[in-house]
Amino acid sequence: MENLTSQQAADLGKYFLEINGYIEDFRFDSTIPLSNEQKQQLDDLLDQNSRFGQDILALSTKLIMDDVRESMEKIKNITGEIQSTLKTLKNIQKGINIAASVVTLGAAIISKNPGIITGAIKELVNACKA
Amino acid sequence: MKLISPLKILLLLCLAGCVNLKQINDYSSTSSAGIKKFENIGYSFKQHCIDACHFEAIKKFEIKRDNECDCNLYKQADSVTQTIYNAIKGYFDGLTCLSNNELTTYNLDPLKKSLKAGSFGNISIDTSDVNAYSKISKILLKATTDLYRKKKIKKYVASANVPLQVLLTKFQFILQTNLEGELNWKKDELYRYYKKMRESATLSDLEKGQAVTEYYRQLSEINNRQKQIDIFSKSINVIAEGHQKLYDNRNKISAKDLKDEITKYSSNIKDIISEFNKIKQ
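About the criteria used
- Residues numbered from 1 in each chain as written.
- Chains lettered and ligands numbered in written order.
- Predicted model: local features only at pLDDT ≥ 70, side-chain atom pairs only at ≥ 80, totals over all residues.
- Heavy atoms only, no water.
- Helix = DSSP H or I, 4+ residues; strand = E, 2+ residues; numbered from the N terminus.
- Rg over C-alpha atoms; globule rule 2.2 N^0.38 Å.
- Buried < 20%, exposed > 50% of the residue type's maximum accessible area, 1.4 Å probe, protein only.
- Contact = heavy atoms within 4.5 Å.
- Areas by Shrake-Rupley, 256 points an atom, 1.4 Å probe, with all protein chains shown as cover.
- Buried area = accessible area lost by both parts, 1.4 Å probe.
- Salt bridge = Lys/Arg side-chain N within 4 Å of Asp/Glu carboxyl O.
- Polar contact = N/O pair within 3.5 Å; in protein donor to acceptor, adjacent residues only side chain to side chain.
- Nonpolar A, V, L, I, M, F, W, Y, C, P; charged D, E, K, R; others polar.
- Core = buried A, V, L, I, M, F, W, Y, C linked by side-chain atoms within 4.5 Å.
- Disulfide = S-S within 2.5 Å.
- pLDDT = per-residue confidence, 0-100.
- Phe/Tyr/Trp six-rings, centres within 6.5 Å; stacked < 30°, edge-to-face > 60°.
- Lys NZ or Arg CZ within 6 Å of the ring centre and 35° of its normal.

**Focus: the overall build of chain A**
Consideration 1: Secondary structure summary: chain A contains three helices and zero strands in total.
Consideration 2: The N-to-C order of helical and strand elements in chain A reads α-α-α.
Consideration 3: Here the C-alpha atoms of chain A give a radius of gyration of 35 Å, more than 25% beyond the 14 Å that 2.2 N^0.38 yields for 130 residues.
Consideration 4: In chain A, which comprises 130 residues, the share counted as buried stands at 36%.
Consideration 5: Considering only residue pairs separated by 6 or more positions, chain A has 56% of its internal contacts joining residues 24 or more positions apart.
Consideration 6: About 7500 Å² of surface is accessible on chain A, with carbon and sulfur atoms providing 57% of the total.

**Digging into the interface of chain A and chain B**
Consideration 1: Between chain A and chain B, the contact holds 55 residues from the first and 60 residues from the second.
Consideration 2: Both sides together, the interface formed by chain A and chain B hides about 4900 Å², and carbon and sulfur atoms give 70% of it.
Consideration 3: It is Gln54(A), Ile75(A) and Leu89(A) that lose the most area in chain A upon contact with chain B, and together they represent 13% of the buried surface on that side.
Consideration 4: Counting every contact that joins chain A to chain B gives eight salt bridges.
Consideration 5: Here chain A and chain B share 17 residue pairs in polar contact (both at pLDDT 80 or more) between them.
Consideration 6: Those elements giving two or more residues to the side of chain A that touches chain B turn out to be helix H1 (6-29) and helix H2 (36-111) of chain A.
Consideration 7: Among the elements that take part in the side of chain A that touches chain B, H2(A) stands out by supplying 44 residues, more than any other.
Consideration 8: Per-class residue counts for the side of chain A that touches chain B are 24 nonpolar, 18 polar and 13 charged.

**Quick notes on the nonpolar core**
Within soluble globular proteins, side chains that are nonpolar generally end up buried alongside one another.
Consideration 1: Judged by nonpolar contacts, the single largest core of 75 residues is most densely connected at Ile84(B), Ile88(B), Tyr91(B) and Phe171(B).
Consideration 2: Residue assignment for this core shows that the elements contributing at least two residues are H2 of chain A together with helix H1 (4-35), helix H2 (45-59), helix H3 (72-98), helix H5 (127-199), helix H6 (205-248) and helix H7 (256-278) of chain B.
Consideration 3: Per-element accounting of this core gives the leading share, 15 residues, to H5(B).
Consideration 4: Those residues in contact with Phe171(B), other than ones at most four positions away along the chain, are Phe38(B), Thr81(B), Ile84(B), Tyr85(B), Ile88(B), Phe232(B) and Ile236(B).

**Topic: the environment of Thr83(B)**
Consideration 1: Residue position: Thr83(B) is located in helix H3.
Consideration 2: Ignoring sequence-local partners within four residues, the contact set of Thr83(B) consists of Met65(A) and Met72(A).

**Quick notes on the state of the cysteines**
Residues and elements named next belong to chain B.
Consideration 1: Under the criterion given, the structure shown has two disulfides over all chains.
Consideration 2: Here Cys 49 engages in a disulfide with Cys 71; their sulfurs sit 2.1 Å apart. Every disulfide takes its handedness from the sign of the S-S torsion; for Cys 49 and Cys 71 that torsion is -85°, giving left-handed. Taken together, the positions of Cys 49 in helix H2 and Cys 71 in the loop between H2 and H3 put the pair 22 residues apart, joining distant regions of the chain.
Consideration 3: Its relative accessible area of 5% is what places Cys 71 among the buried residues.
Consideration 4: One disulfide bridge connects Cys 53 with Cys 69, the sulfur atoms lying 2.0 Å from each other. Across the S-S bond linking Cys 53 and Cys 69, the dihedral sits near -80°, which makes this disulfide left-handed.

**Quick word on the side chain of Glu24(A)**
Consideration 1: Here Glu24(A) shows up in helix H1.
Consideration 2: Assessed through its relative accessible area of 3%, Glu24(A) is described here as buried.
Consideration 3: Excluding its chain neighbours within four sequence positions, the residues that come into contact with Glu24(A) are Asp29(A), Leu46(A), Asp188(B), Tyr191(B) and Arg192(B).

**Observations concerning the confidence of the model for chain B**
Consideration 1: Here chain B averages 85 in pLDDT, while 87% of its residues score no lower than 70.
Consideration 2: Overall fold confidence for the complex sits at a pTM of 0.84, while the interface term, ipTM, reaches 0.81.

**Points about the packing of aromatic side chains**
Consideration 1: This model, assessed by the stated rule, comprises 13 aromatic pairs over all chains.
Consideration 2: With centroids separated by 4.7 Å and ring planes inclined at 55°, the aromatic side chains of Phe16(A) and Phe52(A) adopt a geometry described as tilted. Taken together, the positions of Phe16(A) in helix H1 and Phe52(A) in helix H2 put the pair 36 residues apart, joining distant regions of the chain.
Consideration 3: On the basis of relative accessible area, Phe52(A) is assigned to the partly exposed category, the value being 29%.
Consideration 4: Here the aromatic residues Phe55(B), Tyr193(B), Tyr194(B), Tyr215(B) and Tyr216(B) are joined through ring pairs into a cluster of three or more.
Consideration 5: The residue whose ring lies beneath Arg250(B) is Tyr247(B), and the NZ or CZ to ring-centre distance is 4.1 Å.

This is the structure we're talking about:
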C-alpha cells in the first residue's frame, strides 16, 4: 500500500465506488431472487468495499505530503522572506521615531536644561524599545 | 519655484507606483479571503470517519464512545490538508501586507515636532521650512519605499509561482477528489441502508415513507456540502490563474493591461466567495 502514489490511491477509491454500485444494483434490483444468506453475503462484501474505499481516499491524501514536500519548503521560505521585508519597511517608521527623539535630545542638550534632557533621553529609550 | 518641477515628477512617480500595487493588493487580499473560506466548509476527513463510525453503530444498534472509532489515518489526512492550507494562506497574507499602500505611508509628525521652529545654537528654523522639508521627505520616502516594495513583490511572485501552483493543484485535488469522494461513499452508505429498510416486512407504509423522507433530507445535506466544495475549488482555480498572470507579467507590473486583467481575477474571486456564502448548511 505504501508504494502507491496519491493519484493511484484516489483512482482505486473511485473504482471501488463504481464496483459497489454494480453490486448494489444486483443486490437490490436483480430479477433473480436471492436467499437471505446470499443477501447477507453481498451486504458483507459491500461493507468491506466501502470501508476500504473510504480508507484509501484518506491514504491518498496522506500520500500527497510526499508530492508537495519540496514546494511546501519553498513557499515557507518565501513567506519568511516576505515577513523580513515587512519588518524592514515597518522599521522605517521606528527609525523615524528614533531620529525624532535624537533631534529632541540634541535640542535639549543645546538648551542645557537638565529636566528637559532627562525627558528627551526617556523618549529616545522608548522609541528604541517600541 | 525651482522645487516645483522635480516635486511634480516625484508625485507622478509615486502615484504610478501606488495605483498598480493597489491592484496587486486587491488580488492578494481577495485571494486570501477566498482561501480562508476553507474554514467554512465545516467538514473534514476526521469528521467523515466519526460519522461513518456512528452510522455503523446505528445500523447494529450499538452505543459507542467517540474514542472507540479508529480515525488515525483520517486525522493524518486532515493534518496534511491543514499544512498545505496554512502554507498557501501564509503566502497570500504576506503578499497582501506587502502590497498594502498603507505600509509605506509613514508618519513624519514626530520629526516635525522635534524640528519645530526656533533657535538651536547658531541654527534657526522657520515653520514653513519644517513643513516644506516634511512634505518633500514624505514624498521621497514613499517613492523610494514603493520602488523597493515593487522590486520585492516582483521577486517573490517569481520565486513563489511554481511551488504555489503545485500546492494549489494538490489542495484542490484533496478537496474535490478525496473529500468529495468520501461524501460519495457516505451517499452510497445511506442508499444501501434505506434500500434495506424498505425491504423490511415489519415496517408500515407510514414508517417506510418517513424513512424515504429522511433519506432524501440527508442526501440533500450531502449534496449541499459537495456543492460548497465545488465552488471553493472554482475559487482555487481562479486564484491560481491570477497568480500565473501576475507571474507572466511581473516585468510589466506598471502596465495598464496587467492592471485590468488582475482586476478581473479579483472580481471573479469575489463573485465566487459570494456564491459560496449563499449555500446554507
